[in-house]
Amino acid sequence: MPDDPPSDLPLTDVGRYERLSQAKERALVVSAMELPHWIVRDGRSFVLRVEPPDRGVVLQELEKFENEQALHAPVENDPPLPPIETLSLYVATWFLGTCWFLQNVVPASWQDKGEAVSVAIVRDGEWWRAFTALALHGDTPHLVANIASGLLFSAFVLPRLGTGMAWLLIVFSGFLGNLANAFFYQSTPHISIGSSTAVFGALGLLVSTDFMTRISSPHTRSRWQLLLPLGAGLALLAFLGVGEEEHSRTDYMAHLWGFAAGLVLGALATVARVRDRVPPMMQRLAALLAPALIIGAWWLAVAQAK
């Protein structure tokens, strides 16, 4: 291919490129067609030219080349997640600490009315126990363990769903987990307390949102890319959520149900794109509703205790 075309030869442009390497790549397409072509410098651009009779067929082949290049273009990084609103983590810690303080000063009958007793929930319809039990703990180590693991999982969920919706779904996953646990043990007077059901609900939300984000992109839809969040979540569930400790009343089935509830709610929230579609005002209302559900449930429980 000569550098300069003959001055008396009529030519037509089929492409203009900013870099010489781009023009040479397209010139290879024309070379494969065994057609004469030239690359000419025009100011700061490089122009690929062919003879007029060849223009139509060359443009068709170049269009196919550009389409193939677009399919194999490098994956653009997803926009970074918004920063974690750490204030809500402090508020959650204060809320659970306050609940622990009140648990130790109120009459024992009140605490009994707040436990997630399977028979009372299923047979007597005391559904609020599935909320109130989230605020009760067996002892200080039980409380500290739930706060530590809960803040860790929640911190990664907050920017994925928005602060308000994240806390609301965390609380609701704990509620659903306790309900499912009550029905699982409905034939026996099984008692469950602790925020760990919601803690593992947060883990389920984290796994589910990450999985749904990966499956929505063809570049992260491979088998190993999808197994990574599921495997990590199940490993954490097995390591932290299985076992029995007499003093902390660890209930591994409640952990499992909370995790499952988080998986479902996280998938629905990701499909609904709540982070992008829920306006800031609604996020703030959701943040207030999360503890309000537990406080309102305790109001019902206390009313029953009188």
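Residues numbered from 1 in each chain as written. Predicted model: local features only at pLDDT ≥ 70, side-chain atom pairs only at ≥ 80, totals over all residues. Heavy atoms only, no water.

Asker: How should the side chain of His255 be read in this particular structure?
Answerer: Tracing the chain through its elements places His255 in helix α11 (residues 252–272). Of note is the side chain of His255, whose polar atom sits 3.0 Å from the side chain of Ser196. (Helix = DSSP H or I, 4+ residues; strand = E, 2+ residues; numbered from the N terminus. Polar contact = N/O pair within 3.5 Å; in protein donor to acceptor, adjacent residues only side chain to side chain.)

Asker: How do you make sense of helix α3 (residues 86–103) when you look at a structure like this?
Answerer: Because the α-helix completes a turn every 3.6 residues, residues three or four places apart line up on one side. For α3, with 18 residues, the first-to-last C-alpha span of 26 Å sits near the 26 Å given by 1.5 Å per residue. Those residues of α3 not exposed but buried are Ser88, Leu89, Ala92, Phe95, Leu96, Cys99, Trp100 and Gln103. The buried residues of α3 occupy an angular sector of 135 degrees when the element is viewed end-on, so they sit on one face. Exposed and oriented more than 90 degrees from the buried face of α3 are Leu87, Tyr90, Trp94 and Phe101. (Expected span 1.5 Å × (residues − 1). Buried < 20%, exposed > 50% of the residue type's maximum accessible area, 1.4 Å probe, protein only. Arc of directions from axis to C-beta.)

Asker: What is the right way to read the pattern of salt bridges from this model?
Answerer: Think of it this way: side chains of opposite charge can pair up when their charged atoms draw near. Enumeration over the complete set of coordinates arrives at 11 salt bridges. Across the pair Arg16 and Asp13 runs a salt bridge whose closest N-O atoms are separated by 3.9 Å. Residue Arg16 is classed as partly exposed on the basis of its relative accessible area, which comes to 47%. Between Glu126 and Arg129 there is a salt bridge; the shortest N-O distance is 2.5 Å. With relative accessibility at 10%, the residue Glu126 sits in the buried group. Each of Asp13, Arg16, Asp42 and Arg49 takes part in one network of salt bridges that share partners. (Salt bridge = Lys/Arg side-chain N within 4 Å of Asp/Glu carboxyl O.)

Asker: Is there a simple way to explain the sheet that holds strand β1 (residues 12–17) in this structure?
Answerer: One key point about sheets: their strands pair by backbone hydrogen bonds, in either a parallel or an antiparallel sense. The 3 strands lie next to each other as β1-β3-β2, forming an open sheet whose pairing is antiparallel. Looking at strand neighbours, the two that pair on one side only are β1 and β2 (37–42), the edges of this open sheet. Averaged over all adjacent pairs, the angle separating strand axes in this sheet is 30 degrees, with direction ignored. Both β2 and strand β3 (residues 45–50) contribute to a ladder of 6 bridges, which runs antiparallel. (Pairing = 2+ DSSP bridges. Axes fitted to C-alpha atoms, helices over the stretch in contact; angles between N-to-C directions.)

Asker: Before we go on, may I ask you to explain the packing of aromatic side chains in this structure?
Answerer: Aromatic ring pairs are described here by two measures, namely the spacing of the ring centres and the angle between the planes. As enumerated under the stated definition, the model contains 5 aromatic pairs in all. Consider the rings of Phe131 and Phe175, whose centres lie 4.1 Å apart with planes at 10 degrees: the pair is stacked. Linking Phe131 in helix α6 (residues 129–132) with Phe175 in helix α8 (residues 163–184), this pair joins segments that are 44 residues apart in sequence. Assigned by exposure class, Phe131 and Phe175 land together as buried. (Phe/Tyr/Trp six-rings, centres within 6.5 Å; stacked < 30°, edge-to-face > 60°.)

Asker: Can you walk me through the packing of helix α7 (residues 140–161) against helix α9 (residues 196–215) in this structure?
Answerer: Think of two packed helices as two axes; the pair is described by the angle between the axes and how far apart they sit. At their nearest, the axes of α7 and α9 sit 9 Å apart, and the two run at 35 degrees to each other. The way α7 lies across α9 gives a crossing that is left-handed. For the pair α7 and α9, contact is made by Asn146, Ser149, Gly150, Phe153, Ser154, Phe156, Val157, Arg160 and Leu161 and by Ser196, Val199, Ala202, Leu203, Leu205, Leu206, Thr209 and Asp210, respectively. (Left-handed = near helix turned anticlockwise from the far one by under 90°. Contact = heavy atoms within 4.5 Å.)

Remember, this is a structural readout, not a statement about activity or role.
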